[in-house]
Amino acid sequence: DAGVTQSPTHLIKTRGQQVTLRCSPKSGHDTVSWYQQALGQGPQFIFQYYEEEERQRGNFPDRFSGHQFPNYSSELNVNALLLGDSALYLCASSSLAPGLGTEAFFGQGTRLTVV
Amino acid sequence: GESVGLHLPTLSVQEGDNSIINCAYSNSASDYFIWYKQESGKGPQFIIDIRSNMDKRQGQRVTVLLNKTVKHLSLQIAATQPGDSAVYFCAEWGGATNKLIFGTGTLLAVQP
C-alpha cells in the first residue's frame, strides 16, 4: 500500500517564476492538506482540499493556489515566487470526518529553493 | 503564522534512558492530538494519537499523556535508542476548523 507520495523531491526556481507541486494521497484517503515548513520551524497550514474544493485556508496570500482531482490527488501552485517561499512543502492525506480529527499522514515533502 | 517555532528546544538523553517531551497546545476546543517524529530532510512521521476523552494512550515504547486542565501533552519514549533522534512535534486538531496546528518542535538527541 503506497503511502503519501509527492513530486518532485527537490526543485530550484528563480524569483518571479511559477511552480507546481504534486501529491497523491494514501489509498483510501479523500482529503489533502498542504503545509509549508521553513527551516527550524513547524509546518504551517496552507490549505485543505476535499471533494475537489478548498475547504480551509491558512494565512497565505493568493499567490498560493491549489487543485484536487477526482482521484483525490492534488496540486499546489505558487505564482510570482519570492525568496521567502523557499521551504519544505508537505502534503498530508486524511479521511475527512467532519467534526472529528483523523490520522493525517505526510509525504516526504518537496524541497523548494528560490534563487 | 499558526505554528510557533523560533528556537527548537533540545532534549539530550543517554541511550537506554526514558525520554519525556512536553507540549502546550493552544485551543481548549481541540479534541484530537497527534505526535509526529521528523528526521532531517523527511516529512513528519505519525507516532501516536489521542482523543480528548482520554488522558493516556500507550503504543509500542511510547505513551502519550493528555492534561486538558492545563492544555498540556507529553510524549514518553521508553528505552530511548539512537534511531529515536529527531525533531518531535505535537499537533492539535483545531476543533471545528478541521486542520492540524503544530506546536513548537523539540529536538531529541540520543547519546550512545
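Residues numbered from 1 in each chain as written. Chains lettered and ligands numbered in written order. Predicted model: local features only at pLDDT ≥ 70, side-chain atom pairs only at ≥ 80, totals over all residues. Heavy atoms only, no water.

### Quick word on the pattern of salt bridges
All names here are of chain A. This model, assessed by the stated rule, comprises seven salt bridges over all chains. In this structure, Asp-85 and Arg-63 form a salt bridge, with 2.9 Å as the shortest nitrogen-oxygen distance. With a gap of 22 residues between them, Asp-85 in the loop between strand E8 (74-78) and strand E9 (87-94) and Arg-63 in the loop between strand E6 (53-57) and strand E7 (64-68) connect regions that are remote in the sequence. Like Asp-85, the residue Arg-63 is buried in the burial classification. (Salt bridge = Lys/Arg side-chain N within 4 Å of Asp/Glu carboxyl O. Helix = DSSP H or I, 4+ residues; strand = E, 2+ residues; numbered from the N terminus. Buried < 20%, exposed > 50% of the residue type's maximum accessible area, 1.4 Å probe, protein only.)

### What to know about the sheet that holds strand E7 (residues 72-77) of chain B
Strands pair in a sheet through their backbones, by hydrogen bonds, and they do so in one of two ways: parallel or antiparallel. All names here are of chain B. Strand order in this open sheet of four strands is E2-E7-E6-E5, and the pairing throughout is antiparallel. At either end of the open sheet lies a strand with only one pairing partner, and these are strand E2 (19-24) and strand E5 (56-58). Neighbour to neighbour, the strand axes of the sheet diverge by 15° on average, direction disregarded. Where strand E6 (residues 62-67) lies against E7, six bridges are found, and the strand directions are antiparallel. Considered in E7, the bridge of Asn-67 is made with His-72. (Pairing = 2+ DSSP bridges. Axes fitted to C-alpha atoms, helices over the stretch in contact; angles between N-to-C directions.)

### Structural notes on the nonpolar core
One finds A:Trp34, A:Ile46, A:Phe64, A:Leu76 and A:Tyr89 to be the most contacted residues of the largest nonpolar core, which totals 20 residues. Core analysis: the next-biggest nonpolar cluster, separate from the first, contains 19 residues, B:Trp35, B:Val62, B:Leu73 and B:Cys90 among them. (Core = buried A, V, L, I, M, F, W, Y, C linked by side-chain atoms within 4.5 Å.)

### Side note on the confidence of the model for chain B
Of the residues in chain B, 90% have a pLDDT of 70 or more, and the chain-wide mean is 89. Within the model, pLDDT remains below 50 along residues 1-6 of chain B, and this stretch shows 17 contacts once partners closer than five positions in the same chain are excluded. (pLDDT = per-residue confidence, 0-100. Contact = heavy atoms within 4.5 Å.)

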